[in-house]
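# Breakdown of the fold
Below are the chains, spelled out letter by letter.
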Amino acid sequence: MSVAKVAALAYYPVKGLAGIPVESAEVGPTGLLNDRLFMLVEPDGSFLSQRKLPAMATLHAEIAGDRLRLSAAGVPDLDLEIQYDGKRRDVSLFGKWFGQGVVQDPAADEWFTDRLGTSASLVRVTPEHERPGWGAHRGLTGYGDAHALMVTSQSSLDGLNQRILERGGDAIPMNRFRPNLVVSGWSEPHTEDKVLRMTAGAVEIGYSARGIRCAVPTVDQSTGAKSGPEPTRTLATYRREAAYGGGVSFGVKAAVLAGGTIRVGDEIAVREWIPDGTDPAQD
């Protein structure tokens, strides 16, 4: 019997931009270190994402100490000093969460506006930022959609791709779902749906809710272009979630119950399973 392990880790310094694969990471209450602590906002403070601007997938941000480096194909990199506090502005997510962000260098705003063709301003979470998630385990999150972690499994992707191929489509890579943690070694697709608590390395993770997918998985993360109806079309044939308004799901949102270091190759140990036929996020 195969052992479940951490197959991949990634974090996303700026919400909606390209992810950064890592071999190990420190994990705190809001997820992997530096995950989604920055985001781009419109003039009214509402967030920008690949839902509206799929080209964001082709922009990269990397953190080195107190510096943020922005890069994209065909243009010079931009290196900036991170502003942890200072001038602030009102920001919002989905019209449901309203808070503040620390304004970053205006040069970043100009760089992003030029790349995306629309006004975009870069902000970072405030020092006192404390935004709760929701679901079975609430936890905290930075500027993530609503939770600290997105957890998927290789068996879930394999099962999805088999269905896509049977329908005459092309298999898709895992990065379409922008996970933080990918699990290998589970033989049954969507085993992550059934795990209430698990450990990975020194980190304890708690199930929050099913991962209801928007249009972003239809975006090719290497080109920043929408590539057609997959995987949403195929997911709709077997992953409709009536309890979540009829959306399609892939992966789960999770909270960090105990932080620490996590590494690719760490064994996954399930501490508590969700009873069959139930979803604690809906209780």
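See the structure above.
Residues numbered from 1 in each chain as written. Predicted model: local features only at pLDDT ≥ 70, side-chain atom pairs only at ≥ 80, totals over all residues. Heavy atoms only, no water.

### Some remarks on the sheet that holds strand β3 (residues 24–28)
Here we have 3 strands laid out as an open sheet, ordered β4-β3-β22, and antiparallel in their pairing. Either end of the sheet is taken by a strand with one partner, and the two such strands are β4 (31–32) and β22 (260–263). As defined by bridge partners, β3 adjoins β4 across 2 bridges and the pair is classed as antiparallel. Its bridge partner lying in β4, glycine 28 is registered against glycine 31. (Pairing = 2+ DSSP bridges. Helix = DSSP H or I, 4+ residues; strand = E, 2+ residues; numbered from the N terminus.)

### Some details on the environment of proline 76
The topology assignment puts proline 76 in strand β8 (residues 75–81). A C-alpha to C-alpha distance of 37 Å links proline 76 and glycine 259, two positions 183 residues apart in sequence.

### Focus on the side chain of lysine 15
With respect to the helices and strands, lysine 15 occurs in the loop between β1 (5–11) and β2 (20–22). Within polar-contact distance, the side chain of lysine 15 engages the backbone oxygen of tyrosine 143 at 3.2 Å. Sequence-distant contacts of lysine 15, that is, excluding residues within four places in its chain, are made with Arg36, Phe38, Met39, Phe47, Leu48, Met56, Leu93, Tyr143, Gly144 and Asp145. (Polar contact = N/O pair within 3.5 Å; in protein donor to acceptor, adjacent residues only side chain to side chain. Contact = heavy atoms within 4.5 Å.)

### Structural notes on the pattern of salt bridges
Throughout the structure, instances matching the rule amount to 15 salt bridges. Between glutamate 204 and arginine 197 there is a salt bridge, with its nearest N and O atoms 2.6 Å apart. We note a salt bridge from arginine 197 to glutamate 272, for which the minimum N-O separation is 3.1 Å. Residue arginine 197 is found in strand β16 (residues 195–200), and its partner glutamate 272 is found in strand β23 (residues 268–273); the two are separated by 75 residues along the sequence. Since its relative accessible area comes to 23%, arginine 197 is described here as partly exposed. Here the salt bridges share partners, and the residues they tie into one network are Asp193, Arg210, Arg239 and Glu241. (Salt bridge = Lys/Arg side-chain N within 4 Å of Asp/Glu carboxyl O. Buried < 20%, exposed > 50% of the residue type's maximum accessible area, 1.4 Å probe, protein only.)

### So, unusual backbone geometry
A cis geometry characterises the amide bond from glutamate 230 onward to proline 231, with omega recorded as 10°. Inspection of the secondary structure assignment puts proline 231 in the loop between β19 (225–226) and α3 (232–235). A positive phi angle, close to 70°, is found at asparagine 34, a residue other than glycine. Following the sequence through the fold, asparagine 34 ends up in the loop between β4 and β5 (38–41). Notably, histidine 190 is not glycine yet its phi reads approximately 65°, a positive angle. Inspection of the secondary structure puts histidine 190 in the loop between β15 (181–184) and β16. For histidine 190, a relative accessible area of 8% puts it in the buried group.

### A short note on the nonpolar core
Ranked by size, the top nonpolar core spans 31 residues in total, and within it Leu181 and Ile262 carry the most contacts. Where this core is concerned, the elements lending two or more residues are β1, β2, β3, β14 (149–153), β15, β16, β17 (203–212) and β21 (247–258). The contacts of leucine 181, once residues within four sequence positions are left out, are Val6, Ala8, Leu9, Met150, Val151, Thr152, Ala200, Ile205 and Ile262. Membership of the second largest hydrophobic core comes to 22 residues, among which are Leu40, Leu68, Ile82 and Leu122. (Core = buried A, V, L, I, M, F, W, Y, C linked by side-chain atoms within 4.5 Å.)

### Concerning the layout of surface pockets
Of the voids in this model, the largest pocket is the one considered here, and its volume is about 890 Å³. Forming the boundary of the largest pocket are 35 residues, of which Arg51, Phe94, Asp145, Ala146 and Lys253 lie nearest the centre. Elements supplying a minimum of two residues to the lining of the largest pocket: β12 (131–132), β14 and β17. A per-element tally of the lining of the largest pocket places β17 first, with 3 residues. (1 Å grid on protein atoms, 1.4 Å probe; cavity = no way out; pocket = protein on both sides within 12 Å on 5 of 7 lines; lining within 4 Å. Points joined across faces, edges and corners; volume = space filled by probe spheres on them.)

### So, empty space enclosed by the protein
Scanning the model with the defined rule gives 2 cavities of 30 Å³ or more in all. In this structure, the largest cavity spans a volume of roughly 60 Å³. Taken together, Val151, Glu192, Val195, Met198, Ile205, Gly206, Tyr207, Val252 and Ala254 form the lining of the largest cavity. At 3 residues, the largest contribution of residues to the lining of the largest cavity is made by β17. Among the residues making up the lining of the largest cavity, the classes are represented as 7 nonpolar, 1 polar and 1 charged. There is about 40 Å³ of room inside the second largest cavity. Lining the second largest cavity, in full, are Phe38, Leu68, Leu80, Glu81, Ile82, Gln104, Asp105, Ala108 and Leu122. Among the residues making up the lining of the second largest cavity, the classes are represented as 6 nonpolar, 1 polar and 2 charged. (Nonpolar A, V, L, I, M, F, W, Y, C, P; charged D, E, K, R; others polar.)

### Description of the pairing of β3
The side-chain alternation of β3 yields one buried face, formed by Ala25 and Val27, and one unburied face, formed by Ser24, Glu26 and Gly28. Joining the antiparallel neighbours β3 and β4 is a turn of 2 residues.

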